[in-house]
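Residue-level listing of the chains:
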Amino acid sequence: MEELVRVIAKALVDHPEDVTVKTVEKEHLIVYELYVHPDDVGKVIGKQGRIAKSLRTVVTSAAVKMNKRVTVDIIS
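Quick caveat, the model's predicted, so the values are computed rather than measured.

(A) Up close: unusual backbone geometry. The residue Q48 is not glycine, and still its phi comes out positive at about 55°. Here Q48 shows up in the loop between α2 (41–45) and α3 (50–62).

Encoded structure:
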């Protein structure tokens, strides 16, 4: 799942070498912290948050088998 977030984010940004993903696991929640270059934050979020929402939807759909809640946090 972490690799999925990384691949999608690298396709969106101008500085793919600065994209990193950190996984934080809690009891019933997995948080993928997506770190990007400060200039690329707008590209990952998109207009009115559409790209970020789509990214979260893809990750949530892929995580159905894990029986846990999953979210993506975008951090510059």
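(B) Highlighting the pairing of strand β1 (residues 20–25). Relative to strand β2 (residues 29–35), β1 is paired through six bridges, and the arrangement is antiparallel. Counterpart to V24 in the pairing with β2 is V31. The hairpin formed by β1 and β2 contains three residues between the paired strands.

(C) Highlighting the pattern of salt bridges. According to the stated counting rule, one finds four salt bridges in the structure shown. As a salt-bridge pair, E2 and R6 come within 3.2 Å of each other at their nearest N and O atoms. Of this pair, E2 and R6 are both found in helix α1 (residues 2–12), four residues apart, which corresponds to roughly one turn of the helix. By relative accessible area, R6 is classed as buried at 19%.

(D) Quick peek at α1. Along α1, the residues classified as buried are V5, R6 and A9. Down the axis of α1, the buried set is contained in an arc of 100°. They therefore lie on one face. Against the buried residues of α1 lie β1, β2, α3 and β3 (69–75).

(E) The arrangement of the packing of α1 against α3 in detail. The contact between α1 and α3 brings their axes to 11 Å, and the two run at 155°. When the axis of α1 is compared with that of α3, the two are roughly antiparallel. Of the two elements, α1 crosses α3, and the hand of that crossing is right-handed. Contacts from L4, V5, I8 and L12 in α1 reach I51, L55, V58, V59 and A62 in α3. Class assignment for the residues of the contact of α1 with α3 results in nine nonpolar, no polar and no charged.

The rules behind each value
Here, residues in each chain are numbered from 1, in the same order as that chain's written sequence. Under the rules for a predicted model, residues below a pLDDT of 70 receive no local features and side-chain atom pairs below 80 are neither given nor counted, while totals for whole chains, interfaces and linings still include all residues. Computation of side-chain values: all heavy atoms of the structure, hydrogens and water removed. Here a strand is any run of E in DSSP of at least two residues, a helix any run of H or I of at least four, and the numbering for each starts at the N terminus. Here, strands pair whenever DSSP counts at least two bridges between them. Salt bridge, as applied in this entry: a Lys or Arg side-chain nitrogen positioned within 4 Å of an Asp or Glu carboxyl oxygen. The buried label goes to any residue with under 20% of its type's maximum accessible area, the exposed label to any with over 50%, and the partly exposed label to all in between, with areas taken from a 1.4 Å probe on protein chains only. This arc is taken over the directions from the axis of the helix to the C-beta atoms. Any pair of residues with heavy atoms lying within 4.5 Å of one another is described as a contacting pair. For every element, the axis is a line fit to its C-alpha atoms; helices are fit only across the contacting stretch, and the angle between N-to-C directions ranges from 0 to 180 degrees. Any angle that is under 35 degrees is reported as roughly parallel, and any over 145 degrees as roughly antiparallel; angles of 65 to 115 degrees are reported as roughly perpendicular and all others as oblique. Handedness of a crossing is defined here by the sense of rotation of the near helix relative to the far one, left-handed for an anticlockwise turn of less than a right angle and right-handed for a clockwise turn. In the scheme used here, Gly and all other residues not listed as nonpolar or charged are polar, with Ala, Val, Leu, Ile, Met, Phe, Trp, Tyr, Cys and Pro taken as nonpolar and Asp, Glu, Lys and Arg as charged.

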